[in-house]
Amino acid sequence: MASSGDTHDPKGAFSEEEARRAISELALTQSPGDTSDDAVEDDAQLFPPLTAHEVKCCAFSSWYPEFSKLTFKSEVIHPLEQSFIDYLLSDGLYVPEQSKMEYHGELEDFGSSDGSDWEEQENEVEEVDLADISKEIEQHIAKLGGAVFPRMAWSAPTDASWVTTTGTLKCTLPTDIFWLLKSSDKISHDLSHESYPISGPLQAEPELVLRQWANLYPSMMFRCFVRDHKLIAISQVDVQFHKFLEEMKLEIESKIEAFFNQHISKFPLASFCFDAYVARTVDRVMVVDFEPWSHVVDSCLYEWRELIRADEFLGLRLFPEGVNPIGHFTSKYSTNRFPIEVTADAYHNSIASLIEKMQHETT
């Protein structure tokens, strides 16, 4: 189809839902599916409230024992001392005095030359003793090979990667972990049981998870959607076009289907989402995380309406060719589950503004 050739402002005011719908409509012109133009429904109205059981099943310590051989080696610290939890939930961004110089020594001269700005701030900070948790974290980091990425029961601090020099969640010191956790709204929501909307109280003790660090290809991350015990769709998570993925599409799709049937189908919920990483050689699939079937979970290149109404397997959806993500995407978490935690939000941008590009390059 020919392009209109018009010039458009990439900052057009289009919603993420509109952009996702544009991708869905493009995909449906290439394969059978429901092409009806129903009015946009509020995603939240499509789902019943989650139960505490559904949310608990997706907590890391709930699924890791069963799937430990199919994911990255991890260590769970549980229970956590209340003083550590209170520290993470308290206002202000700081780490204990004994840890500051170890992590931010190069910033020692930042601010006024006489240090008065820092002294005033430090006088307002309540002293917290994190010696015990620091020692435990150090032992787990060493056990996991010297580098980890942290998370809590349901969330990773992907919204706080800006505090690290690498822009990733890679941590080699306890203070690296403290800075990430303390800077993350997602971690605060996790600790406050606000990550998912539920129909009743959730009784669950907080947990700190340290996962072995691995340098992974963002292009090989996929979100998988399971409804009523059936795998109904797979979506690319990395928001950019990769030609090699088109060439490997059927093989990747088949590999993930087999992985689900052989291993993931025993997950205790009937409907849920899981994130999978496929090796570039397509000889191995690993599960990264589980999430409940809920509108607060990113549906990636699908609309939730599609996933709810699908009566057959929708297959693997890839980011379309001909759409340049550079300059046409805004960060989904710029103000606030890659849920794919290992690559941080840099690889999990929103689809907002894409509809404008799609309208003028695919019509």
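Residues numbered from 1 in each chain as written. Predicted model: local features only at pLDDT ≥ 70, side-chain atom pairs only at ≥ 80, totals over all residues. Heavy atoms only, no water.

Overall, the coordinates contain 8 salt bridges when judged by the stated rule. In this structure, arginine 223 engages aspartate 275 in a salt bridge whose closest nitrogen and oxygen atoms are separated by 2.7 Å. Taken together, the positions of arginine 223 in strand E4 (residues 221-227) and aspartate 275 in strand E6 (residues 272-278) put the pair 52 residues apart, joining distant regions of the chain. Just as arginine 223 is buried, aspartate 275 falls in that class too. Bridged by salt links that share partners, the residues Arg223, Asp275 and Glu291 form one connected network. (Salt bridge = Lys/Arg side-chain N within 4 Å of Asp/Glu carboxyl O. Helix = DSSP H or I, 4+ residues; strand = E, 2+ residues; numbered from the N terminus. Buried < 20%, exposed > 50% of the residue type's maximum accessible area, 1.4 Å probe, protein only.)

Let's shift gears to the side chain of aspartate 289. Within the fold, aspartate 289 resides in strand E7 (residues 285-292). A polar contact of 3.1 Å, which involves the side chain of aspartate 289, links it to the side chain of arginine 151. (Polar contact = N/O pair within 3.5 Å; in protein donor to acceptor, adjacent residues only side chain to side chain.)

Another point: the sheet that holds strand E8 (residues 316-317). With mixed pairing, 5 strands are arranged side by side in an open sheet as E7-E6-E4-E5-E8. Both edges of this open sheet fall to E7 and E8, since each of them pairs with a single strand only. Bridge count for E6 against E7 is 7 bridges, and the pairing is antiparallel. In the sheet register, phenylalanine 272 faces E7, and the bridge partner there is proline 292. Here helix H10 (residues 243-262) sits on the sheet in contact with E4, strand E5 (230-236), E6, E7 and E8, set at roughly 145 degrees to E5. (Pairing = 2+ DSSP bridges. Contact = heavy atoms within 4.5 Å. Axes fitted to C-alpha atoms, helices over the stretch in contact; angles between N-to-C directions.)

Turning next to the environment of tryptophan 63. With respect to the helices and strands, the residue tryptophan 63 is situated in helix H3 (residues 60-67). Residue class for tryptophan 63 comes out buried when judged on its relative accessible area of 1%. As for tryptophan 63 and proline 268, which are separated by 205 residues in sequence, their C-alpha atoms are 9.2 Å apart.

Another point: unusual backbone geometry. At the junction of histidine 78 and proline 79, the peptide bond is cis and its omega measures out at 0 degrees in the coordinates. For aspartate 228, which is not a glycine, the phi torsion comes out positive at approximately 55 degrees. One can find aspartate 228 in the loop between E4 and E5. Taking relative accessible area as the criterion, aspartate 228 reaches 49% and is therefore assigned partly exposed.

Grouped burial of nonpolar side chains is what soluble globular proteins tend to show. Counting 58 residues, the largest nonpolar core has Phe222, Phe274 and Phe290 as the members making the most contacts within it. At the level of secondary structure, the elements contributing two or more residues to this core comprise helix H2 (52-57), H3, E4, E5, H10, E6, E7 and helix H11 (304-309). Residues within four places of phenylalanine 274 in sequence aside, it is in contact with Phe222, Arg223, Cys224, Val226, Leu231, Phe259, Phe260, Ile264, Val287, Asp289 and Phe290. With 33 residues, the next largest nonpolar core counts Leu80, Ile141, Leu169 and Cys171 among its residues. (Core = buried A, V, L, I, M, F, W, Y, C linked by side-chain atoms within 4.5 Å.)

Burial along strand E2 (residues 148-151) is two-sided: the face carrying Val148 and Pro150 and the face carrying Phe149 and Arg151 are both buried. As paired strands, E2 and strand E3 (residues 208-212) are joined by 4 bridges and run antiparallel to one another. For phenylalanine 149, the partnering residue across the bridge sits in E3 and is arginine 211.

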